Every structure is written in C-alpha cells, then in structure tokens.
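Observations on the three-dimensional arrangement
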Amino acid sequence: QVRLVESGGGLVHTGGSLRLSCAGSGFLFSRATLAWYRQSPGKERELVARVTSSGAIDYADFVAGRFTIARDNVGRAVHLQMNRLNPEDTAVYYCNTPLQRTIGGPPTNYWGQGTQVTVSS
C-alpha cells in the first residue's frame, strides 16, 4: 500500500524557514519521482519542486532559489527546505509520487495528507 506522510509545517514570520519532510512506503522509493505541491484556498494545486530517481531536479519559478528539495533513499524520505518565506507561500503542502502501475498505461498519482504552512506578515 502506497503511503506518503508529510510533516514539518507550521507558523513562521516573513523571512523565516521551515523544513518539510515526507516519508514514503509501499513502493520502490529509489526508483520513483518525488514532488512537492502546494495549494492555497481558491487556487489550484501547483508544483513546487520535484526530483527524479536519477536526481534531476525542477523548481517552480516562484521558488527563486529559496527552496531546496532533497531525497533520502536510505531513509525513504524527501525533504523541502524553505527559506526566506513570505505570506504568498502560505498553503497546504503535499507530497506526491507518480507511479507507473501498468506497462504502457498512465501513471497513478499518490498524495500525502498535506501539511499546513502559514507565513505571517
């Protein structure tokens, strides 16, 4: 059973930092692409960062050097270090992995329950 569990969210002031973690189980962790998404009320869920099994990393433009994604295949976790946070970063942050369950079929997205990040002015 695929499970993704986020932690590390909280309340910080503008300019503060948080480190989010996502623990994964029930799949071949080292061969999976892992990603962080976020969603604010009234907005669509958007990609924040992702890292492939080979270590290739993509960041959203709004990250602008402030965030760092890192995977730990031994600990079966992916982390998101967030620095210089601003109120626009306020959102629920979700861990995601798209898994290819059948040959030639579409990937299936799996999501964690989310962790709240709130940045005050």
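Note: the structure precedes this text.
Throughout what follows, the structure given in this document is the object of discussion. Since the structure is predicted, the reported quantities are computational estimates derived from the model, not experimental observations. (Residues numbered from 1 in each chain as written. Predicted model: local features only at pLDDT ≥ 70, side-chain atom pairs only at ≥ 80, totals over all residues. Heavy atoms only, no water.)

Considerations on the state of the cysteines
- The full count for this structure, using the stated rule, is 1 disulfide.
- Residue pairing for cysteine 22: its cysteine sulfur links by disulfide to cysteine 95, the two sulfurs lying 2.1 Å apart. When the S-S torsion is -85°, as for the bridge of cysteine 22 with cysteine 95, the disulfide is left-handed. One end of the pair, cysteine 22, is in strand β3 (residues 18-25); the other, cysteine 95, is in strand β9 (residues 91-99), and 73 residues separate them in sequence.
- Note on cysteine 95: relative accessible area 0%, which makes it buried. (Disulfide = S-S within 2.5 Å. Helix = DSSP H or I, 4+ residues; strand = E, 2+ residues; numbered from the N terminus. Buried < 20%, exposed > 50% of the residue type's maximum accessible area, 1.4 Å probe, protein only.)

Details of the packing of aromatic side chains
- By the definition in use, this model includes 3 aromatic pairs.
- Between tyrosine 37 and tryptophan 111, the ring centres sit 5.0 Å apart and the planes meet at 70°, which makes this aromatic pair edge-to-face. Here tyrosine 37, found in strand β4 (residues 34-39), pairs with tryptophan 111, found in strand β10 (residues 108-111); they are 74 residues apart in sequence, far enough to count as distant.
- Among the residues examined, tyrosine 37 registers a relative accessible area of 18% and is labelled buried.
- Between tyrosine 94 and tryptophan 111, the ring centres sit 6.5 Å apart and the planes meet at 90°, which makes this aromatic pair edge-to-face. Pair noted here: tyrosine 94 is in strand β9 and tryptophan 111 is in strand β10, with a separation of 17 residues, a long-range link.
- Owing to a relative accessible area of 14%, tyrosine 94 belongs among the buried residues under this scheme.
- The exposure class of tryptophan 111 is partly exposed, given its relative accessible area of 34%.
- The ring of tyrosine 94 carries arginine 45 above its face, with NZ or CZ at 3.7 Å from the centroid.
- The ring of phenylalanine 27 is capped by arginine 76, whose NZ or CZ atom sits 6.0 Å from the centre of that ring. (Phe/Tyr/Trp six-rings, centres within 6.5 Å; stacked < 30°, edge-to-face > 60°. Lys NZ or Arg CZ within 6 Å of the ring centre and 35° of its normal.)

Looking at the pattern of salt bridges
- Counted under the stated rule, the structure contains 4 salt bridges.
- Its salt-bridge partner being aspartate 89, residue arginine 38 comes within 2.9 Å of it at the nearest N-O pair. With arginine 38 in strand β4 and aspartate 89 in the loop between β8 (77-82) and β9, the pair connects residues that are 51 residues apart, well separated along the chain.
- You can call arginine 38 buried: its relative accessible area is 6%.
- Judged by relative accessible area, aspartate 89 falls into the buried class, the value being 1%.
- The salt bridge involving aspartate 58 is made with arginine 50; its shortest N-O contact spans 3.7 Å. (Salt bridge = Lys/Arg side-chain N within 4 Å of Asp/Glu carboxyl O.)

Observations regarding the sheet that holds strand β7 (residues 67-72)
- In space, the 4 strands of this open sheet follow the order β1-β3-β8-β7, with antiparallel pairing throughout. Taken across any chain shown, the strands that pair with only one partner, and hence form the sheet edges, are β1 (3-7) and β7. Sheet twist, expressed as the average angle between the axes of neighbouring strands with direction ignored, equals 15°. (Pairing = 2+ DSSP bridges. Axes fitted to C-alpha atoms, helices over the stretch in contact; angles between N-to-C directions.)

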